[in-house]
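Residue strings, one per chain:
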Amino acid sequence: GHVALTYDDGPDPEATPAVLDALDRLGWRATFFVVGEMVERHPEVLRRVLDAGHEVVVFDNLSLGHRHAVGSARLVVGSVCDVDALDAVFRDHAFDAVLHFAALTLVDESCRNPRRYYENNVVGSVNVLNEALRHDVRNFVFTSSIAVYGTGTPPLREDDVPRPEDPYGVAKLAVEQDLRAAHE
């Protein structure tokens, strides 16, 4: 299996190519489980996957997204914190890959309400990864954040030492570490 980490800090047109490159590395026709607001922030990723003939199931709580944004993909409304809902979707489909974009992303809010961010971003991500592993889905694309490196001086590289300075960055780093552990 493959684990791809991409860094995406918002609707930045420069972040989308990293996601698309990760998909290209998978290189086959597949059934994708797309988690979170990718359809709103990077509609060209969803469009490219659908145009290539892949089957897509989008799982989103719609807190930031909209039903119309999923286009011809199937939409399942649910929370990454709801293990039963995740399990039901994984049982109903034979996914080849997970594209995980679900996260609360406001750094200031994460400082005011860190527990909410840890529950959604860490626990929710662990739930998604656990279900993927339990259902033998070995390809996982996760959008992390440059926040894992704190306020270092650009250019930052993936082999720089992480130094998150806020709960959002800490949560993203925790998920990266869990993904690495699952991959080993």
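Residues numbered from 1 in each chain as written. Predicted model: local features only at pLDDT ≥ 70, side-chain atom pairs only at ≥ 80, totals over all residues. Heavy atoms only, no water.

Asker: If you had to explain the pattern of salt bridges to someone new, which residues and values would you point to?
Answerer: Per the counting criterion, the structure on display carries seven salt bridges. In this structure, Asp87 engages Arg91 in a salt bridge whose closest nitrogen and oxygen atoms are separated by 2.9 Å. One end of the pair is Asp87 and the other is Arg91, both in helix H4 (residues 83-92) and four residues apart, which spans about a single turn. Take Asp87: its relative accessible area is 14%, and that puts it in the buried class. Salt-bridge contacts for Asp136 lead to Arg138; the nearest nitrogen and oxygen are separated by 3.1 Å. Ionic contacts of the salt-bridge type, sharing partners, join the residues Asp87, Arg91, Glu131 and Arg134 into one network. (Salt bridge = Lys/Arg side-chain N within 4 Å of Asp/Glu carboxyl O. Helix = DSSP H or I, 4+ residues; strand = E, 2+ residues; numbered from the N terminus. Buried < 20%, exposed > 50% of the residue type's maximum accessible area, 1.4 Å probe, protein only.)

Asker: Pulling in residues and values, what's your account of helix H3 (residues 43-51)?
Answerer: Along H3, the residues classified as buried are Val45, Leu46 and Val49. In an axial view of H3, the angular spread of the buried residues amounts to 95°, which keeps them on one side of the axis. Of the residues flanking the end of H3, it is Gly53, one or two places downstream, whose phi is positive at about 90°. (Arc of directions from axis to C-beta.)

Asker: Before we move on, could you go through the packing of aromatic side chains and cite the residues and values that matter?
Answerer: Under the counting rule described, the total for this entry stands at four aromatic pairs. Relative to Phe59, the ring of Phe33 lies with its centre 5.7 Å away and its plane at 45°, an arrangement referred to as tilted. Of the two residues, Phe33 sits in strand S2 (residues 31-35) while Phe59 sits in strand S3 (residues 55-60), which places them 26 residues apart along the sequence. Classification of Phe33 as buried rests on a relative accessible area of 0%. For the ring pair Phe90 and Phe95, a centre distance of 5.3 Å and an interplane angle of 75° mean the geometry is edge-to-face. Residue classification places Phe90 among the buried residues on the basis of a relative accessible area of 2%. Classification of Phe95 by relative accessible area gives buried; the value is 6%. Among the aromatic residues, ring-to-ring pairing joins Phe33, Phe59, Phe90 and Phe95 into one connected group. (Phe/Tyr/Trp six-rings, centres within 6.5 Å; stacked < 30°, edge-to-face > 60°.)

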